[in-house]
Amino acid sequence: MSSAPHHDAQPEDGGPAFARAPLVVTPEEAGQKLLQFLQRRLGRSVPGSALLRVIRTGQVRVDGGRKKPFFRLAAGQQVRVPPLTDAAPSADAPAAAGPAGSDQSLPGLDILLETPGLLAVRKPAGLCSHAGTRHRDSVADRLKAMYAGAPFLPVLAHRLDKDTSGILLAAKSYAELRRLNDLFAGRGVVKTYVAWVDGVWEADGPQLLEDRLDRLELEAGRVAGRKKVQPAAGDGGKSARCEARPLLRKRQATLLLVRLLTGRTHQIRVQLSLRGHPVISDAVYGRKVRGLPMLLHALCLRLPETSVFSPPSWQGPFSLPVGLLEALRAELSA
């Protein structure tokens, strides 16, 4: 009477022993490189250097064969991995409990739009897009907690500064992530912001702002909040272009509609500050106003197939009139 095969048995060709059932590539994961796939499936429990080593030494098999780290996987392929750590997943269920280190108790996010491949969420001011050494909470971490157990944990396709509020897009499949990356790189996403700035903006109509900006190389451990961008000397740096149009004026402040034409770090904040009109409560390129968030908001993102519009939650003298918001929604979503 024959017995069932044991996962730890040594293959007949002298290859590696496998301690777990094979990982089956889902349609949402298809197109990823082998190394990326394993990093996402195994989470932080296995260092990238260890994964590279076992792939390059032939200890990882795809449908029974050796593959290079950058081999692109297809849906339905089976990936077998040797014993690496007790913390790594042992069942064929992608991210069943979320990646190692994810916090299931994190607050949620407002979902503005959800399709089979795409998510649009609202980021509040003060929340990082991605976590860092100084910030444990982030939009990326909240998405991982909200979609734990999904075939492909949502991945942000772009970012917003910590103190900027507004719309962020995330992909729910690898194919959608590549599409969004291509759209952003090719200026296929129209990004429109609103900002209250110090002072009275003199121009009445749309005004093209053009600068050349340099990103500063900050030393490791430098305190956050310092300037990261400055005007470039001569013809150096990178071109930064946006279009600004006044919507409302107060005695000492102006509400601007800003359409980004390039995507540089801190671009809107720097370009407006260079013209003597920093964003109100910008502690880095202007001055912080106690008790007031930075008044810069990603208002609308327009993709080829749809648009997402989300007004800011500013209160008091900086709240936006309902009539103005309705007119902007109609204009930007057309």
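Above this text sits the structure in question.
Residues numbered from 1 in each chain as written. Predicted model: local features only at pLDDT ≥ 70, side-chain atom pairs only at ≥ 80, totals over all residues. Heavy atoms only, no water.

Asker: Is there a simple way to explain the overall build of the protein in this structure?
Answerer: Of the regular secondary structure elements, the protein holds 6 helices and 15 strands. When burial is assessed residue by residue, the protein has 45% of its 334 residues classed as buried. Across the protein, every contact between residues at least 6 apart in sequence was considered, and the portion connecting residues at least 24 apart equals 64%. When the accessible area of the protein is evaluated, it comes to approximately 16,900 Å², of which 50% is carbon and sulfur surface. (Helix = DSSP H or I, 4+ residues; strand = E, 2+ residues; numbered from the N terminus. Buried < 20%, exposed > 50% of the residue type's maximum accessible area, 1.4 Å probe, protein only. Contact = heavy atoms within 4.5 Å. Areas by Shrake-Rupley, 256 points an atom, 1.4 Å probe, with all protein chains shown as cover.)

Asker: Teacher, can you tell me more about the side chain of Arg41 here?
Answerer: Mapping Arg41 onto the fold places it in helix α1 (residues 34–42). For Arg41, a relative accessible area of 6% gives the class buried. A polar contact is formed between the side chain of Arg41 and the backbone oxygen of Val24, at a distance of 2.8 Å. (Polar contact = N/O pair within 3.5 Å; in protein donor to acceptor, adjacent residues only side chain to side chain.)

Asker: Mind showing me how you'd approach the pattern of salt bridges here?
Answerer: Side chains bearing opposite charge may pair, as long as their charged atoms lie close to each other. Under the criterion given, the structure shown has 14 salt bridges. Residue Arg269 pairs with Asp161 through a salt bridge whose shortest N-O separation is 3.0 Å. You can see Arg269 sitting in helix α5 (residues 267–274) and its partner Asp161 sitting in the loop between β7 (155–156) and β8 (165–171), a full 108 residues away along the chain. (Salt bridge = Lys/Arg side-chain N within 4 Å of Asp/Glu carboxyl O.)

Asker: Help me understand helix α2 (residues 48–56) in this model?
Answerer: Residues three or four positions apart in an α-helix share a direction because the helix packs 3.6 residues into each turn. Residues of α2 that are buried include every one of Ala50, Leu51, Val54 and Ile55, and no others. Down the axis, α2 shows its buried residues gathered within 130 degrees of arc, on one side only. Opposite the buried face of α2, at more than 90 degrees from it, the exposed residues are Ser49 and Arg56. Packed against the buried residues of α2 are α1. Following α2 by one or two positions, Gly58 has its phi on the positive side, about 80 degrees. (Arc of directions from axis to C-beta.)

Asker: How should I be thinking about the nonpolar core in this particular structure?
Answerer: Side chains that are nonpolar tend, in soluble globular proteins, to be buried together. Membership of the largest hydrophobic core comes to 30 residues, with the highest contact counts inside it found for Val139, Leu143, Tyr193 and Leu272. At the level of secondary structure, the elements contributing two or more residues to this core comprise β6 (118–123), α3 (139–146), β8, β9 (190–198), β12 (238–249), β13 (253–260), α5 and β14 (296–302). Among the domains, domain 2 (110–176) and domain 3 (189–333) are the pair contributing at least three residues each to this core. Beyond its immediate stretch of four places on either side in the chain, Leu272 contacts Val197, Trp201, Leu209, Leu256, His277, Pro278 and Val279. With 19 residues, the next largest nonpolar core counts Val194, Leu295, Leu324 and Leu328 among its residues. (Core = buried A, V, L, I, M, F, W, Y, C linked by side-chain atoms within 4.5 Å. Domains from an automatic or database assignment.)

Asker: How should the side chain of Gln32 be read in this particular structure?
Answerer: Here Gln32 is to be found in the loop between β1 (23–24) and α1. Other than its neighbours up to four places away in sequence, Gln32 contacts Phe37, Arg40, Phe71, Arg72, Leu73, Phe152 and Tyr174.

Asker: Please clarify how the pairing of β13 should be interpreted in this entry.
Answerer: Note on strand geometry: in a regular strand, side chains alternate between the two faces of the sheet. Across the 8 residues of β13, 7 count as buried, placing the element largely inside the fold. Bridge analysis of β9 against β13 gives 8 bridges, and the strand direction is antiparallel. Residue pairing across strands places Val194 opposite Leu257, the latter belonging to β13. Sheet topology note: the β12/β13 ladder contains 7 bridges and is antiparallel. Following the sheet pairing, Arg245 is matched in β13 by Leu257. From the end of β12 to the start of β13, which pair antiparallel, there are 3 residues. (Pairing = 2+ DSSP bridges.)

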